[in-house]
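A structural walkthrough
Single-letter residue listing:
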Amino acid sequence: QIEMAKYLKDKYDGQEFVVEKPELKGAMLGIEGYFSATAYPANNSKIRFTVMYSPSDRYDGYAGAIWSNEESERLKPEIYRLFGNGTDYTVEVQSSMSLHTMHIDVRGKVPTFNDAVKKYGKQIPYGLTIKKLKRSLSDDEKEDIANKLIEISSLLPDETDITIKYFSRFDKVNRYGFIVRL
């Protein structure tokens, strides 16, 4: 926990972070494993991200958490306008911990999302998930939702690797809705 906090502080120019209790993952006989924990800046517990730490590697999703928050705030009025106030939605922008993001290396001051898009483009996975639960949708409702998703997609940074998900129903094992890759 202390090492993780030190890693983040060193990487992000002395900024203080709170690291919650780490869990050992992936460790088996002969396999080292790694520690994973949720962390956040000491001055903003809303920006939560994962930090992974092993003797050989260290990764964190801090930049992605900042960008996700930035994009969530930017899109909020448009999502509420199109799908109704209080619509449940999430924006997830990834900055690390995948093969897709392996060449993204943010250190020091985290750049704005627009600057990151200019530098990293399609290396940035960008996910928008909208949940508006309803028992079933008529054909007209499906068409209306598709048109709204097209409209919201025009507001997303097409230089990134975009996935839009719209869920209208969940049950124990199934999800119903749309998934669009752009």
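Right above here is the structure, for reference.
Here's what I pulled together on the structure shown here. Predicted model only: the values in this text are computed from it and were never measured.

**Focus: the sheet that holds strand β6 (residues 88–93)**
The 4 strands lie next to each other as β6-β7-β8-β9, forming an open sheet whose pairing is mixed. Of all the strands in the sheet, just β6 and β9 (175–181) have a single pairing partner and so form its edges. Each neighbouring strand pair of the sheet contributes to a mean axis angle of 15 degrees, computed without reference to strand direction. Direction of pairing for strand β8 (residues 161–170) relative to β9: antiparallel, over a ladder of 7 bridges. Among the inter-strand pairings, Ile164 is bridged to a residue of β9, identified as Val180.

**Brief notes about helix α2 (residues 62–83)**
Over its 22 residues, α2 extends 29 Å from the first C-alpha to the last, a length consistent with the 32 Å expected when each residue adds 1.5 Å. Largest kink in α2: about 45 degrees, centred on Leu75, with the proline Pro77 one to four residues after it. Listed as buried for α2 are Tyr62, Ala63, Gly64, Ala65, Trp67, Ser68, Glu71, Ser72, Leu75, Ile79, Leu82 and Phe83. Positive backbone phi, at 105 degrees, marks Gly84, one or two positions downstream of α2.

**Regarding the nonpolar core**
Formed by 42 residues in total, the largest nonpolar core has its most connected members in Leu8, Val51 and Leu128. The dominant element in this core, judged by the number of residues it contributes, is α2, at 8 residues. Residues in contact with Leu128, not counting those within four places in the same chain, are Ile79, Tyr89, Thr90, Val91, Ile152, Leu156, Thr163, Ile164 and Lys165.

**A look at the side chain of Thr163**
Along the chain, Thr163 falls in strand β8. Setting aside residues up to four positions removed in sequence, Thr163 forms contacts with Tyr126, Gly127, Leu128, Ile179, Val180 and Arg181.

The rules behind each value
Residues numbered from 1 in each chain as written. Predicted model: local features only at pLDDT ≥ 70, side-chain atom pairs only at ≥ 80, totals over all residues. Heavy atoms only, no water. Pairing = 2+ DSSP bridges. Helix = DSSP H or I, 4+ residues; strand = E, 2+ residues; numbered from the N terminus. Axes fitted to C-alpha atoms, helices over the stretch in contact; angles between N-to-C directions. Expected span 1.5 Å × (residues − 1). Bend = angle between axes of the 7 residues up to and from the residue. Buried < 20%, exposed > 50% of the residue type's maximum accessible area, 1.4 Å probe, protein only. Core = buried A, V, L, I, M, F, W, Y, C linked by side-chain atoms within 4.5 Å. Contact = heavy atoms within 4.5 Å.

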